[in-house]
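If you want the building blocks of each chain, they are given just below.
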Amino acid sequence: MSTTLIHGGTVISAVGRREADVLIDGEKIVAILAPGQATSMGIVADRTVDATGKYVVPGGVDVHTHMELPFGGTEASDTFETGTRAAAWGGVTTIVDFAVQNTGFSVQDQLAVWHEKAAGNCAIDYGFHQIIGGVDDESLKAMTYLVDNEGITSFKLFMAYPGVLYSDDGQILRAMQNASESGAMIMMHAENGIAIDVLVAQSLARGDTDPKFHSLTRPAELESEATHRAIQLSKVAGNVPLYIVHMSASGALEEVAAAQHAGLNVFAETCPQYLYLTLEDHLAQPGFEGAKWVCSTPLRTKHEHHQADLWKGLRMNELAVVSTDHCPFCFKDQKELGLGNFSKIPNGIGGVEHRMELIYQGVVLGEISLERWVETCCTTPARMFGLEHKGVIEPGADADILVWDPNRTTKIGINDKHHMNMDHSAYEGFEIDGKVDTVISRGTVVIENDTYVGTKGHGKFVKRGLSTYLH
Ligand code: URP
Ligand code: ZN
Ligand code: ZN
């Protein structure tokens, strides 16, 4: 097996930082050494990575991506091949994507379809959550089977998208009771989809069809109401672990904070789009341009204090994780499906490449610490979703490492840094005071010298255990 020594850098963990060298043997980290210790011990590695003046952090863990997701009559434009390669460009070494089951389909059959899409195509490691779009006796049985046999220990339910992926409260309760038995995590898309559909129909009837009405018909109250309801249902189901996905609004965050205060196993993630982008500056751009930023939950108004509250939530650990909800669609032919009718614009923003960069910029801006960057983007997502060997730099962990250069800069944009399979960037023109330097996935260098040197198929499916993050 081949050895690698990353030397001269500052190793950042969720709890601190120190000057140290990292020794890798094969696919694993085998030692953290004091500077110079490798030489005094006579260790000569097969390969060295000079991290002088740089940060050495665990590879990013993005627990919310949608490669090749069928949505609104089209399909997310990144395949597992292109999307995981872009992730690697962004310092991410593990994704957890979503296999989808729809009403009337077998969970196991649908999971097999997702395995087929991903197997042999990924640049970095990957796992799956399972979306349950049709809660019934069969799918409930399958949930238990997946936890016990398939390394799939989290299930996403939807309070939004009636007629597509929506579950009613009774179905949600049954799925939560099932998860409570098996120890699985319920992930919730918390928006009141029934009320939203009324507002959407009224908006279209008035002739309010531009992209900005996507947000105006999904008011923050309908996110906090659904979040509240999901929390109450999780309590009734025996304090089942509940994880609210893509949180965008202050009110919803307050519901989560109150639940945590009450000692419930309730957690939440936000995404870079909610920390940086707004209704006015992005979604409400003239003409159809705003379609680039149609996602659900939607971008919120800058005239309230959602972004400041979300950053504070990250500092306070009310928000434990930053994921991307990477769900890219090209503007041409895909977003354009909603010309003249915002409700037909496929929902999603691509960002898997930029999460480590954008959240690092939060460090530069003084919103969070370097340690919190690592915690929310690497360590906690791994613990939250049972990725035992990921998200930390310690002996025995997978050698998934990002060497980050704080002395260089990154310009994001379609003609700058952009490797996702989309014809625009949601973060066009953003400048980051730092740069991905070297990325190592299970001991193999995949990014170095501003070049992708990985291979399709290097990434392996990871069976996950239960969450180790519960109260
Ligand atoms: O707009 C989004 N979030 N698209 C992906 C599907 C989902 O609800 O996560
Ligand atoms: Zn969702
Ligand atoms: Zn999503």
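A brief look at the structure comes next. Source: prediction; values computed, not measured. (Residues numbered from 1 in each chain as written. Chains lettered and ligands numbered in written order. Predicted model: local features only at pLDDT ≥ 70, side-chain atom pairs only at ≥ 80, totals over all residues. Heavy atoms only, no water.)

A few words now on the sheet that holds strand E14 (residues 185-189). Strands sit in the order E8-E11-E12-E13-E14-E15-E16-E17 across an open sheet of 8 strands; the sheet is parallel. Of all the strands in the sheet, just strand E8 (60-65) and strand E17 (321-322) have a single pairing partner and so form its edges. Relative to strand E11 (residues 92-101), E8 runs parallel, the two sharing 4 bridges. Its bridge partner lying in E11, Asp62 is registered against Ile95. Against the sheet, helix H9 (residues 250-261) contacts strand E15 (242-244) and strand E16 (266-270), and its axis sits at roughly 150° relative to E16. (Pairing = 2+ DSSP bridges. Helix = DSSP H or I, 4+ residues; strand = E, 2+ residues; numbered from the N terminus. Contact = heavy atoms within 4.5 Å. Axes fitted to C-alpha atoms, helices over the stretch in contact; angles between N-to-C directions.)

Here the focus is the side chain of His424. Mapped onto the fold, His424 is located in the loop between strand E19 (410-411) and strand E20 (431-432). Polar side-chain contacts of His424 include one of 2.9 Å to the side chain of Asp423. Residues within four places of His424 in sequence aside, it is in contact with Lys292, Phe329, Cys330, Phe331, Ile414 and His418. (Polar contact = N/O pair within 3.5 Å; in protein donor to acceptor, adjacent residues only side chain to side chain.)

On to the nonpolar core, then. Judged by nonpolar contacts, the single largest core of 134 residues is most densely connected at Ile186, Met188, Tyr243 and Trp373. Considering every element that reaches this core, the biggest residue donor is helix H14 (residues 370-384), with 7 residues. In contact with Tyr243, other than residues within four places in its own chain, are Val63, Met185, Ile186, Met187, Met188, Phe267, Ala268, Glu269, Val321, Met384 and Phe385. Core analysis: the next-biggest nonpolar cluster, separate from the first, contains 17 residues, Ile6, Ala20, Ile32 and Val403 among them. (Core = buried A, V, L, I, M, F, W, Y, C linked by side-chain atoms within 4.5 Å. Buried < 20%, exposed > 50% of the residue type's maximum accessible area, 1.4 Å probe, protein only.)

By definition, the strands of a sheet pair up through backbone hydrogen bonds, in either a parallel or an antiparallel sense. Taken in spatial order, the 4 strands of this open sheet run E5-E4-E1-E6, and their pairing is mixed. The open sheet has two edge strands, strand E5 (28-33) and strand E6 (47-50), and neither has a second partner. Strand-to-strand twist across the sheet, computed as the mean angle between neighbouring axes with direction ignored, equals 20°. For strand E1 (residues 3-7) and E6, the ladder comprises 4 bridges, and the chain directions are parallel. Paired with Thr4 across the bridge in E6 is Arg47.

Under ideal tetrahedral coordination, the four donors around a metal are separated by 109.5 degrees; under ideal octahedral coordination, the six donors are separated by 90 or 180 degrees. Protein-derived coordination of the zinc ion (ligand 3) comes from His64 (NE2), His66 (NE2) and Asp325 (OD), at a distance range of 1.9 to 2.1 Å. Read from N- to C-terminus, the donor residues coordinating the zinc ion (ligand 3) fall into the pattern H-x1-H-x258-D. Taken as an interatomic distance, the gap from the zinc ion (ligand 3) to the zinc ion (ligand 2) is 4.0 Å. Of this pair, His64 sits in strand E8 while Asp325 sits in the loop between E17 and helix H13 (355-364), placing them 261 residues apart in sequence. Per residue, the accessibility class of His64 equals that of Asp325, and both read buried. (Donors = N, O, S within 2.8 Å, 3.2 Å for Na, K, Ca; no water.)

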